Amino acid sequence: MSKLKRLLADYGAFGLLVIIVVSLWEWAARTGKVPSFIIPAPSKVLEMLYEQKQALLWVHTPATLKEALIGFAFSFAGGITIALAMHFSKLVEKMLYPFVLFSQTIPVIALSPIFVLWFGYDIWSKIAVTVLVAFFPIVISCYDGFKNIDQDYVDLLRSMGASKWKIFIKVEVPFAMPSLFSGIKMAVIYSIVGATIGEWLGASEGLGYYTRRMSGNLNAEGVFAAVALLTVLGLVLFSIATFIEKSFLKWNRKS
Amino acid sequence: MSVCLENVSYTYPGETKPVIFNFSAHIEKGEFVSLIGKSGTGKSTLLKLIAGLFPCEEGIISVNGKTPGPGSVGYMPQRDLLLPWRTVIDNIMLPLEVQNKRNLTKADAEEWLKRIGLIRWKDALPKQLSGGMRQRVAFLRTLFMGSEVLLLDEPFAALDALTKREMHDWLLSIWKELDNTILFITHDLEEAILLSDKILLLHADHKVEEIIVDLPRPRSVDMVYWPEVQTYRKTIEKKIANE
């Protein structure tokens, strides 16, 4: 009961707003105030989801999820490696930091056609786009996490005669974790976005490919159905990351 | 001789004025010595030099006849700096893990926690403890560095007056059982008089005055009301004011 109450207290207002907006939307679409090829009624989107469940859930969602996850894995491994290299070496920091920032000023969509040339039409071009958008939050959050460590703790361990490695393991890594997890949570969402953009450029499966095909047919229900699934996908990945963060960083929870 | 400083000077990198100039002091084994003085007289820097956190480039520092390096003295900064993800007992064991030493065990740590009345908090995280409790845990951690010489940099400065009084009581009671040499920075004159055998008063012009506190041991917190303590206090206050 108290759990239900807390859930209501936390998400009640949000839920209410959603219900109001969806109802208004449904009403506007049904009474013909908005043409259905521009914004379809929510009920039609659900219908579409149900009709297309075979293709959407068993073909396109897994395809996008696979690209996003592989892209995230590369971003994670690469991002952490770069952040650690910058943490340990001033020279590497000076060399790479501007590159990391530049990489974010690149309009990904403009660059992505080239990725198709480089990586082909199969999964690797999508992964490349995903990595380009998702690795930045990982590098920066990890790098900042190490950068902002309270020097007093480092000094304390030095006064105990700790080696650089011991300081790294016992103090720096744990203190960098909360920041790194913020980056991971952003990166999982970006991975979904990256995979979707990748699919727009040319693909034969995936939710991004599906939205493009549907919008080509002026099938707004189809587009919205896929967008709904992409949102759910992002939320699920975000929740998993949050769950891992909470079980890892019990000490960091505000109580 | 436990800690010996001879003509020590130190200038922070990039600065021209030395923060410590020609400082000498001799501290006997088992002595409790307080460092007092206005801000900027180099008290904390001195402890960091002895702790080996900065290289001593001018003068000689020796601890038990050896040049101290990191790990050779127990250093306790003003903030407790307990690692927030470690339980009380794991925080106390940290110095041993860091130094790969096994001369003290978890059982010893539990024994100590019993002695200081914190045994039921042994598996608690630091955020669950009060300021005074955290300071006591930090002190135990400093003891578990296993060094004879302890450097305490204003350990009680962040505590409220009542908790501070409790900590004095507590420190005086465990002090009897310890045979450590303590170098203690404080801004609180009563604290310095109550706890110390000797007070080193650092002046802004780098002169150092030594005041021997000739009060009987064991001491108790009630002694702050003794006229002798008040006399010491007045004398020291005058010395500081006359700078």
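About the thresholds
Residues numbered from 1 in each chain as written. Chains lettered and ligands numbered in written order. Predicted model: local features only at pLDDT ≥ 70, side-chain atom pairs only at ≥ 80, totals over all residues. Axes fitted to C-alpha atoms, helices over the stretch in contact; angles between N-to-C directions. Helix = DSSP H or I, 4+ residues; strand = E, 2+ residues; numbered from the N terminus. Parallel < 35°, antiparallel > 145°, perpendicular 65-115°, else oblique. Left-handed = near helix turned anticlockwise from the far one by under 90°. Contact = placed C-beta atoms within 7 Å. Nonpolar A, V, L, I, M, F, W, Y, C, P; charged D, E, K, R; others polar. pLDDT = per-residue confidence, 0-100. Expected span 1.5 Å × (residues − 1). Bend = angle between axes of the 7 residues up to and from the residue. Buried ≥ 20, exposed ≤ 12 C-beta atoms within 10 Å, placed from the backbone. Domains from an automatic or database assignment. Pairing = 2+ DSSP bridges. UniProt positions renumbered as here; feature names shortened; annotations may be inferred.

**Remarks on the packing of helix α8 (residues 164–200) of chain A against helix α9 (residues 207–216) of chain A**
All names here are of chain A.
Right, so step 1: Remark: α8 packs on α9, axes separated minimally by 7 Å, with the N-to-C direction vectors making an angle of 50 degrees. When the axes of α8 and α9 are compared, the pair comes out oblique. Between α8 and α9 lies a crossing whose hand is right-handed. Where α8 approaches α9, its residues A195, T196, I197, G198, E199 and W200 are matched on the opposing element by L207, G208, Y209 and R212.
Right, so step 2: The residue makeup of the contact of α8 with α9, split by class, is five nonpolar, three polar and two charged.

**Some details on the confidence of the model for chain B**
Right, so step 1: Per-residue confidence for chain B gives a mean pLDDT of 90; residues scoring 70 or more make up 99%.
Right, so step 2: Here the predicted complex carries an ipTM of 0.89, next to a pTM of 0.85.

**Some thoughts on the interface of chain A and chain B**
Right, so step 1: Each partner contributes residues to the interface: chain A has 14 residues there, and chain B has 15 residues.
Right, so step 2: Breaking the side of chain A that touches chain B down by element, the ones donating at least two residues are α7 (151–159) and α8 of chain A.
Right, so step 3: The element contributing the most residues to the side of chain A that touches chain B is α7(A), with seven residues.
Right, so step 4: Residues of the side of chain A that touches chain B, tallied by class, amount to seven nonpolar, two polar and five charged.

**Brief notes about helix α6 (residues 123–147) of chain A**
All names here are of chain A.
Right, so step 1: Under the 1.5 Å per step criterion, the end-to-end length of α6 is 35 Å for 25 residues, consistent within 8% with the ideal 36 Å.
Right, so step 2: At A134, α6 is bent by approximately 35 degrees, the largest bend along its length, and proline P137 sits one to four residues beyond.
Right, so step 3: Along α6, 21 of the 25 residues are buried, which leaves the element largely enclosed by surrounding structure.

**Structural notes on the domain arrangement of chain A**
Residues and elements named next belong to chain A.
Right, so step 1: Under the domain assignment used here, chain A contains domain 1 (1–34) and domain 2 (39–252).
Right, so step 2: Taking the mean C-alpha position of each, domain 1 and domain 2 sit 29 Å from one another.
Right, so step 3: On the domain 2 side, the residues contacting the six residues of domain 1 number five residues.
Right, so step 4: Partitioned by chemical class, the residues of the side of domain 1 that touches domain 2 number four nonpolar, no polar and two charged.

**Quick look at the sheet that holds strand β5 (residues 74–76) of chain B**
Residue and element names in this part refer to chain B.
Right, so step 1: Pairing in this open sheet of six strands is mixed, and the strands run β5-β6-β7-β3-β8-β9 from one edge to the other. The two strands at the open ends of the sheet, each matched to only one other strand, are β5 and β9 (208–212). For this sheet the average axis-to-axis angle between neighbouring strands, irrespective of direction, equals 15 degrees.
Right, so step 2: Where β5 meets strand β6 (residues 149–153), three bridges bridge the pair, whose relative direction is parallel. Bridging from a neighbouring strand, Y75 pairs with L151 of β6.
Right, so step 3: Docked against the sheet, helix α4 (residues 131–143) engages β5 and β6, running at close to 160 degrees with respect to β5.

**A word on the UniProt feature "domain: ABC transporter" (unreviewed entry) in chain B**
Right, so step 1: On the UniProt side, "domain: ABC transporter" (unreviewed entry) is annotated at positions that read residues 3–229 of chain B here.
Right, so step 2: When the span residues 3–229 of chain B is considered, its composition is 30% helix and 22% strand, and the gap between its end C-alpha atoms is 27 Å.

**Section: the domain arrangement of chain B**
Residues and elements named next belong to chain B.
Right, so step 1: Assigned domains within chain B: domain 1 (3–73 + 147–241) and domain 2 (80–146).
Right, so step 2: A separation of 24 Å is found between the C-alpha centroids of domain 1 and domain 2.
Right, so step 3: On the domain 2 side, the residues contacting the 12 residues of domain 1 number 10 residues.
Right, so step 4: With five residues, helix α5 (residues 161–175) is the largest single contributor of residues to the side of domain 1 that touches domain 2.
Right, so step 5: Split by residue class, the side of domain 1 that touches domain 2 holds eight nonpolar, three polar and one charged.

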